[in-house]
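In case you want the letters, here they are:
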Amino acid sequence: MKVPLLDLKGQYQSIKKEIDEAVQKVIDSQYFIMGPDVAKLEEEISNYLNCQFSVGVSSGTDALLLALMALDIEPGDEIIVPTYSFFATAGIVARLNAKPVFVDIDPITFNIDPKLIEKKITSKTKAIIPVHLYGQSADINPIMQLARKYSLFVVEDAAQAIGTQYKDGRFVGTIGDIGCFSFFPSKNLGGFGDGGIVTTNNPNLEHKLRIMRVHGMEPKYYHKLIGGNFRLDSLQAAILRVKLPHLDKWSDKRRQNAALYTKYFFEAGLAEEGGRLAFDSNNKVLLPQAVYKPNEEQIAQGVLKNYHIYNQFVIRVEKRDELWEYMKKKDIGCEVYYPVPFHRQECFQYLDCKDADYPHSNFAAVNSLALPVYPELSEEQIKFVVDTITKFMK
Ligand SMILES: *Cc1c(COP(=O)(O)O)cnc(C)c1O
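Residues numbered from 1 in each chain as written. Predicted model: local features only at pLDDT ≥ 70, side-chain atom pairs only at ≥ 80, totals over all residues. Heavy atoms only, no water.

**Notes on helix H2 (residues 16-29)**
- Between its first and last C-alpha atoms H2 spans 20 Å; for 14 residues at 1.5 Å apiece the expected length is 20 Å, and the two agree.
- Taken residue by residue, H2 has Ile19, Ala22 and Val26 as its buried positions. Buried residues in H2, looked at end-on, bunch into an arc of 70°, giving them a common side. Exposed side of H2, more than 90 degrees from the buried face: Lys17, Lys25 and Asp28 are the residues found there.
- For H2, the elements touching its buried residues are helix H1 (8-14), helix H3 (36-49) and helix H8 (234-243).
- Once H2 finishes, Gln30 follows within two positions and takes phi at roughly 55°, a positive value. (Helix = DSSP H or I, 4+ residues; strand = E, 2+ residues; numbered from the N terminus. Expected span 1.5 Å × (residues − 1). Buried < 20%, exposed > 50% of the residue type's maximum accessible area, 1.4 Å probe, protein only. Arc of directions from axis to C-beta. Contact = heavy atoms within 4.5 Å.)

Below is the structure:
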C-alpha cells in the first residue's frame, strides 16, 4: 500500500467543477490583479475568523514581513520568536535587520513556552511572534499579558492554523495585533500556488497593511510609506473562495484521522493514555497532544470544535532517522518538521546563542516525525502506517 504524505489530487477531484468554473471566470474577466475575488475572500475570511479586517497577501512569509513593516519594526529592534518553527518566522525579522531572540518550546505542544519569555525581554524588545505550530494554538493569554505589561506587539504566526481556536474559543490570528496566515498548498486551506492573508482588529493597522501591500501607495502614484508588492492573485483568491466552505469538514477529518492514529498506537502497545513525555517500554511513540480539548459542556454546545486542526500529526520516536528510512522503503511519506532549530542554523550563528538553553527544541528536532494526516486518508492507510511502525519497533 502506498501512503503519500499529502494527496492534493484527491481534494481537487472532489471540487473540480467549482474550482474550474471559478478559475475560468477570472480568466474570462482578465482581471488578474486585485480583482473582486480578493475583496470577497477578505470579507469571507473575516467572517469565518470573526475578526474585523483581512488583507490578502502574496504568501505567509510576506504576511509576516508586511506585519512587521506595518508595526514600524526597525534595525536593532528585538523580536521574540520560538526557536522551533518554519524558517520564515525568524527570517523576516532578520530581513528587516531586527534581531530575532529565540525562546524554547513547551515540550508537550511544540509551541513557544510563555514562562521563558519574560527573561528575554529588554528595552529593545518590540514584539513577540508566537507560532501556532502544527495547527494547535500557542498559550496566548500569558503572552498577551506580557505584551501589555511591556507594551509589545503580538504578531501571531498562524500559517499552519487557519480556523484553530484557543481554549476560550477565539480563533488564533485574531487575538494579537496582527495574524498571519499562509495559503501554501500544504496548509489546511491551500491555494494553487503561493498566497497568504493578514488579519487585524485595528483600523489604523488595517489601513497601513492595505497600502503597504501596494508599495505604500495612496492615492495612486503618491507614496507616504514604503511598502512592497505583497498582493494576492485574483486566481488564488477565486480558488480559495471555493475551498473555504469545505475547510471545517477537512479539519474535522484530520481530527478523526488523528484519533484513529491514537487508537491504533494504543492498540499496538506503542503508546499509552495519559500523555507521557519520556520514552519507556510502553511509550515507544510519543503522540501529539491536544491540550485545549473542549469539556463536556463545550462539546454539548458545539463550541471549540477546532481545538486542533492537525496541519501536521507529529510523533516523537527514538530512532527517528532509521524509522524515516524504513517508512520511505515502505512507500509511506513522512517528513521532519524541523530538523534544525533556529539557534543552530548557520545563518544565525552571529547571534551567539547557547545551545543548552533550548533542550526541548533540540529534543524535538532529533525525535519528531510527521505522519500523513490529510483529510482524504483512509482508515486502512492509517492502520497500515501504524502496523509498519510497529514492525519497525520489533
Ligand atoms: C508555511 C509557513 C510560513 C510561510 O508561509 P509561506 O506561504 O510558505 O510563505 C510561515 N510560518 C509557518 C509556521 C509556516 O508553517
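**Points about the packing of aromatic side chains**
- Here the structure, examined in full by the defined rule, presents 19 aromatic pairs.
- Summarising the aromatic geometry, the rings of Tyr84 and Tyr338 are spaced 6.1 Å apart at their centres and angled 75° between planes, so their arrangement reads as edge-to-face. Here Tyr338 lies in the loop between helix H11 (320-329) and helix H12 (359-367) and Tyr84 lies in the loop between strand E2 (78-82) and helix H5 (88-95), a separation of 254 residues in the sequence.
- Arranged with centres 6.2 Å apart and planes meeting at 20°, the rings of Tyr261 and Phe265 form a pair that is stacked. In this pair, Tyr261 and Phe265 both sit in helix H9 (residues 247-267), 4 residues apart, roughly one turn of the helix.
- Exposure remark for Phe265: the relative accessible area of 0% places this residue in the buried category.
- Aromatic rings pair up to connect Tyr84, Phe86, Phe110, Tyr134, Tyr337 and Tyr338 into one cluster. (Phe/Tyr/Trp six-rings, centres within 6.5 Å; stacked < 30°, edge-to-face > 60°.)

**Quick look at the site of the ligand**
- Around the ligand lies a shell of 16 residues, among which Gly60, Thr61, Gln160, Ser182 and Lys187 are the nearest.
- Thr61 places a side-chain nitrogen or oxygen 2.5 Å from an oxygen atom of the ligand.
- One nitrogen or oxygen atom from the side chain of Lys187 is found 2.7 Å from an oxygen atom belonging to the ligand.
- Coverage of the ligand by the protein amounts to 93% of the 380 Å² it exposes when considered alone.
- Of all elements in the fold, only helix H4 (60-70) and H5 reach the threshold of two or more residues within the shell around the ligand.
- Here the shell around the ligand takes 3 residues from H4, the largest share from any one element. (Near = heavy atom within 4 Å. Polar contact = N/O pair within 3.5 Å; in protein donor to acceptor, adjacent residues only side chain to side chain. Areas by Shrake-Rupley, 256 points an atom, 1.4 Å probe, with all protein chains shown as cover.)

**Observations regarding the environment of Asp252**
- Looking at the secondary structure, you find Asp252 in helix H9.
- It is 38 Å that separates the C-alpha atoms of Asp252 and Leu96, two residues lying 156 residues apart in sequence.
- Side chain to side chain, Asp252 and Arg255 meet in a polar contact 2.8 Å long.

**What about the sheet that holds strand E8 (residues 285-286)?**
- Strand order in this open sheet of 3 strands is E8-E9-E10, and the pairing throughout is antiparallel. Edge strands, defined here as strands with exactly one partner in the open sheet, are E8 and strand E10 (368-371).
- Note: strand E9 (residues 313-317) against E10, 4 bridges, orientation antiparallel. Paired with Arg316 across the strands is Ser368, a residue of E10.
- Contacting E8, E9 and E10, H9 runs over the sheet at an angle of about 25° to E9. (Pairing = 2+ DSSP bridges. Axes fitted to C-alpha atoms, helices over the stretch in contact; angles between N-to-C directions.)

**Section: the nonpolar core**
- Counting 49 residues, the largest nonpolar core has Ile117, Tyr261, Phe265, Phe313, Ile315, Leu371 and Ile389 as the members making the most contacts within it.
- Taken together, domain 1 (8-245) and domain 2 (247-393) each give at least three residues to this core, which thus spans both.
- Apart from the residues within four sequence positions on either side, Ile315 is in contact with Phe265, Val285, Leu286, Leu287, Pro288, Asn367, Ser368, Leu369, Leu371 and Ile389.
- Among the nonpolar cores identified, the runner-up in size contains 35 residues, and Ala63, Ile79, Met212 and Phe230 belong to it. (Core = buried A, V, L, I, M, F, W, Y, C linked by side-chain atoms within 4.5 Å. Domains from an automatic or database assignment.)

**Let's talk about the domain arrangement of the chain**
- Along its sequence, the chain is carved into domain 1 (8-245) and domain 2 (247-393).
- Measuring from the centre of the C-alpha atoms in domain 1 to the corresponding centre in domain 2 gives 24 Å.
- Of the roughly 3,900 Å² buried between domain 1 and domain 2, counting both surfaces, carbon and sulfur atoms make up 59%.
- If you sort the residues of domain 1 by the area they bury against domain 2, Tyr84, Tyr134 and Asn188 come out on top, with a joint share of 19%.
- At the boundary of domain 1 with domain 2, the tally comes to 0 salt bridges.
- For the pair domain 1 and domain 2, the number of links is 29 residue pairs in polar contact (both at pLDDT 80 or more). (Buried area = accessible area lost by both parts, 1.4 Å probe. Salt bridge = Lys/Arg side-chain N within 4 Å of Asp/Glu carboxyl O.)

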